[in-house]
Structures are given as C-alpha cells and as structure tokens.
Amino acid sequence: MLLIPCPHCGPRDETEFRYGGQAGVAYPPDPDALGDADWVGYLFLRDNPKGAWRERWVHVAGCRRWFDLTRDTLTNVIGRDP
Amino acid sequence: MPCDGSGALTDARATLRAVSGPSSRLPDHPDRLWRHPDPKPAYDVVIIGGGGHGLAAAYYLAKRHGITDVAVVERGWLAGGNMARNTAIIRSNYLWDESAAIYEHALKLWETLADELEYDLLLSQRGVLNLAHSLGDVREGQRRVHANRLNGIDADWLTPDDVARLCPIVNVSPDVRYPILGATYQARGGIAKHDHVAWGYARAASDLGVDLIEGAEVQAIDVDGGRVTGVRTSRGRIAAGKVAIVAAGHASIVAAMAGLRLPIQSHPLQALVSELLDPVHPVVMMSNAVHVYVSQAHKGELVLGAGIDPYNGYGQRGGFHVIEHQMAAALELFPIFARAHVLRTWGGIVDVSPDASPIVSKTPVGGLYLDCGWGTGGFKATPASGWVLAHTVANDEPHELNRAFALERFETGALIDEHGAAAVAH
C-alpha cells in the first residue's frame, strides 16, 4: 500500500484515494480545430514510463481535492521530480 | 539392528521411486529442451520478448510460413514474465464478434496443441463460470451467453442451483453481501500448465531452427528511412528485416525506442496460491464484481487472481490491500477456504489498453509489428496471438482475425469494448 502525502491532509493510506492517471493532460483549447489523429492523442495516448512521472490523485475519503504527485513507477518512491 | 540404516534407506528410496512414478513420465527439465545459441549478426525476423506469445509467433512463423531465420530475444529467461505469473485460465466467452473469433480460434488451437507440439500441456477443460451478483451482472452475463451462442461458442446460463451442482463448495445462499444470482458457463473452458505451454512452443520452435536468445535486453531499435533495420541488445547488434514487439507490460518502453507512443498503461496485477489441498474445487470460478477468480491447480494448490492495482507500475508487485480484498471475496464465495494458508503471492505487469482489447498490428514504421494490450487476459490467447502475429509478419498484412485489432481503431473509433468479458477489474 502506498503512503500518499496529500498536500492538504498529510500522509494517508492509498485506500483513501482514487487514481487519475497522467498529470498535465490539458483539455484541448480549441476542440473544434482538432482532427481525428489529434483526438487520439488527447483521449488515448499517455506516457507510460518506467521511472519517475507525474500523476493525479484525488483524496476521495478525505478532503476530496485533486493534486499532482511525482512517483517512481518501478520503486514507488514518491516525491522526487524526474 | 545395524546402525548404518542402509537397508532402510534403500527401501525408502524404492518407495520414493514408486510414489514418484508418474512424475518420472513428465517432460524433460527445460534446460535440455531447446538450443542456447549465440545471436547471429542478422535474421529475417527478430521477435522482442520470449514469453508465450513471442514463442508461439516464432513457432508459427517457422511452421506455417516457412520463415525459420528467426530470433526471439528475451531480456531475462524464457517465459519468466507474465507467462510465469498468470492464473492459466482458458476460455473464449467474449462479447463482441471480433473478440469471440480470435479467442475461439485460440481455444480450438488449445484443444489440439499438445498433439501438435508433442508435449503435454495438462489442458483441463473443466468449465469456467463467471458469476453474477447483481441485476446488472445478470443482464450483462445473459447478453454475453446469447452473443456467444450466435458466434458458435458453447455458452449456458446457470441458476444458483446449477452453480451449486457444478461446484458444491460455493456458497449460493441469498443472505450474503454479494449473493450469486446466476452465472455464465463455458464447459470447454478450463486451465493448462502455463510453463509447459511455453516450453512446448520453445522446443518446437528451436527444433525448426528458431534461435532463442536469453539474457539479451533490447536497448535500441534501429530505424532507417522509416523502416526498421535491426535491434541493439545487451548481447550485440542484430540486423533484422522485420521486428515484432511482444513485450507485454514493457510494450510502451520498447515501442518508444522506435518513436512510437502507444495507448497502453502498465499496471501491477497480483495472484496467489494456497498450500496444496485435496481436490475440492472442480471448476474455474470467476467473479467480475468482487474481483476474484479461483481454480485448483493440478498439484492441488488453489490459484486465485485479483484485480489490478490502480496506479501505473513496473515493480512486479502490488499492494497487500488488493490481496486482502480478493481474499475477503473468495472467503464469502468459498467459506471452506477460511483455513487454507496462503503459500505465496506475486505480481506481474499487464499492458492495459483503453478498450480492454489487444493490439496486434502493423505500425507506422515499416517492418515493425506490435502484439500487446492483452492486459489481464493474455494467457488464454497465446496460440491465436502467435498465429495471427506470425501471419501479419510473414505477409505484412493482418490476418482476418486481427484486422480489427489494429492501432488505427483508436483513430477510427472502432473500439472493441471488452471490459465486461475481460473479467478483471481495470
């Protein structure tokens, strides 16, 4: 079980959180201008690194707020930026 | 009584030999089943990944397409990834026509595979049940039974009493948290011995001239003018006319070496076994809603699989709370498991696609092919995955069975949503 440092509530068990996948995937600023290939990128393509990456979590059983976290996907070490 | 006890020891050994008689008929130790060549400087085809799917593809390339100048390069040892970590369940009861076709092709191949490979795979078609615990589950399950029948796949809908008749140890009482309201049943489903499958394919491929190169980690893929030219490995560069990436949980990492970004996320998936028990559990029981699937292996251990851990991970281990959740579900379904001890737990890394369906496809890079995205259910597909990948590589065109499983579906929108039939929570 991960011990996740919620920026608002402090370190809590992983079971209090839901996962949100890769961080920093912005909604397209002008969706009408997007072609099919661009939509693939927004909807389906994500980084999948073995190592440090930024991801989203929401503290559903706590403050219910979303935040970003850096975690190493191989070692699960949290907090060291890539 | 002589103090050296040698007479007793001889007797004991004779008894041991007698007791272990059947095991002496089991296949040879895998060390002696295939050649261990050094890599040649060039091959017609290099397959990246020596798991079940890669080995099957190599075998069918040689056997069905006459392409024997093939190397399978494997970072670790053969079949040491998900092929060694799955729960060995085989079934073809998927919802959509495209999935039903490819998984049923696999099941038909399973039924004759031991003869073809001349290797006992311990295939046991003991029947697979997918339990329904809610009205939604019942509707989804019945819909899938009907869809299976329309596709010529054996499928039945079971009442709770039917479930109890097939598997007397399951708790079908209505007063539990997740009562059993019914189940889908595929009588031809079952389990096989996963190691034997890999060894059988490896031996047959090696005998046909395929080089199986273990301990060779691919570090780069060479692309020249939009066409793949070879791979660079920890055991040297290997030129190749064609390259297939069959790297399961590491598909994204390997594909990135050729500049490809995949709609794949890698997650830990855990399973566990109990100590050896007398035969108590005659079928394969799966429950989508409570995230557990259980069978009893040939040796006697209960084999239980869990849902995936929610986060991306490559650590080949997961959180213990996932195991706890899985065990709680298993104990409610099977109260007699309460005194069974867990022998060991482990995790593999599964390559999850957005629609819970695989990608077996050509790529934008010439001569580079993909076989990935099997996620939580790749073992059952092993023969068909190898079959269609071999066809795709040999002809530079997809087989009829994997045409729909191309990368392009994420752009056209022709997704094949099998989250229901995949049976493992993602």
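Residues numbered from 1 in each chain as written. Chains lettered and ligands numbered in written order. Predicted model: local features only at pLDDT ≥ 70, side-chain atom pairs only at ≥ 80, totals over all residues. Heavy atoms only, no water.

Novice: I'd like a rundown of the nonpolar core, residues and numbers included.
Specialist: Within soluble globular proteins, side chains that are nonpolar tend to cluster in buried spots. Residues and elements named next belong to chain B. Grouped together as the largest cluster of nonpolar side chains are 58 residues, with contacts concentrated most on I47, Y60, W110 and Y201. Among the secondary structure elements, those contributing two or more residues to this core are β1 (42-48), α2 (52-65), β2 (70-73), α3 (97-117), α6 (194-207) and α9 (382-395). Excluding residues within four positions of it along the chain, Y60 makes contact with H65, L109, L113, E116, Y201, P383, G386, W387 and A390. Core analysis: the second largest hydrophobic core is formed by 33 residues, A258, L262, I264 and L370 among them. (Core = buried A, V, L, I, M, F, W, Y, C linked by side-chain atoms within 4.5 Å. Buried < 20%, exposed > 50% of the residue type's maximum accessible area, 1.4 Å probe, protein only. Helix = DSSP H or I, 4+ residues; strand = E, 2+ residues; numbered from the N terminus. Contact = heavy atoms within 4.5 Å.)

Novice: If you had to explain the packing of aromatic side chains to someone new, which residues and values would you point to?
Specialist: All names here are of chain A. The full count for this structure, using the stated rule, is 15 aromatic pairs over all chains. Pairing Y19 with W57 gives two aromatic rings, centres 4.8 Å apart and planes at 65°, and the pair type is edge-to-face. Of this pair, Y19 sits in strand β3 (residues 18-22) while W57 sits in strand β4 (residues 52-58), and the two are 38 residues apart along the sequence. Neither Y19 nor W57 differs from the other in exposure class; each is buried. Measuring from ring centre to ring centre gives 5.8 Å for Y27 and Y42, while their planes differ by 90°; the resulting arrangement is edge-to-face. Of the two residues, Y27 is situated in the loop between β3 and α1 (36-43) and Y42 in helix α1; the sequence distance between them amounts to 15 residues. For Y42, a relative accessible area of 22% translates into the label partly exposed. (Phe/Tyr/Trp six-rings, centres within 6.5 Å; stacked < 30°, edge-to-face > 60°.)

Novice: Got a sec to walk through the sheet that holds strand β5 (residues 66-72) of chain A? Specific residues and values, please.
Specialist: Residues and elements named next belong to chain A. Pairing in this open sheet of 3 strands is antiparallel, and the strands run β3-β4-β5 from one edge to the other. This sheet does not close on itself; its edge strands, each paired only once, are β3 and β5. Neighbouring strand axes in the sheet, compared pairwise and without regard to direction, differ in orientation by 35° on average. In terms of strand pairing, β4 meets β5 through 7 bridges, oriented antiparallel. Residue pairing across strands places E55 opposite L69, the latter belonging to β5. (Pairing = 2+ DSSP bridges. Axes fitted to C-alpha atoms, helices over the stretch in contact; angles between N-to-C directions.)

Novice: With reference to specific residues and values, describe α6 of chain B.
Specialist: All names here are of chain B. Compared with the 20 Å implied by 1.5 Å per residue over 14 residues, the 20 Å span of α6 between its first and last C-alpha is a close match. Of all 14 residues in α6, 12 are buried, a share of seventy percent or more. Looking only at α6, the buried set comprises H194, D195, H196, V197, A198, W199, G200, Y201, A202, A204, A205 and S206. As for α6, its buried residues are in contact with α2, α3, β8 (211-213) and α9. G209 sits one or two positions beyond α6 and adopts a positive phi of about 110°. (Expected span 1.5 Å × (residues − 1).)

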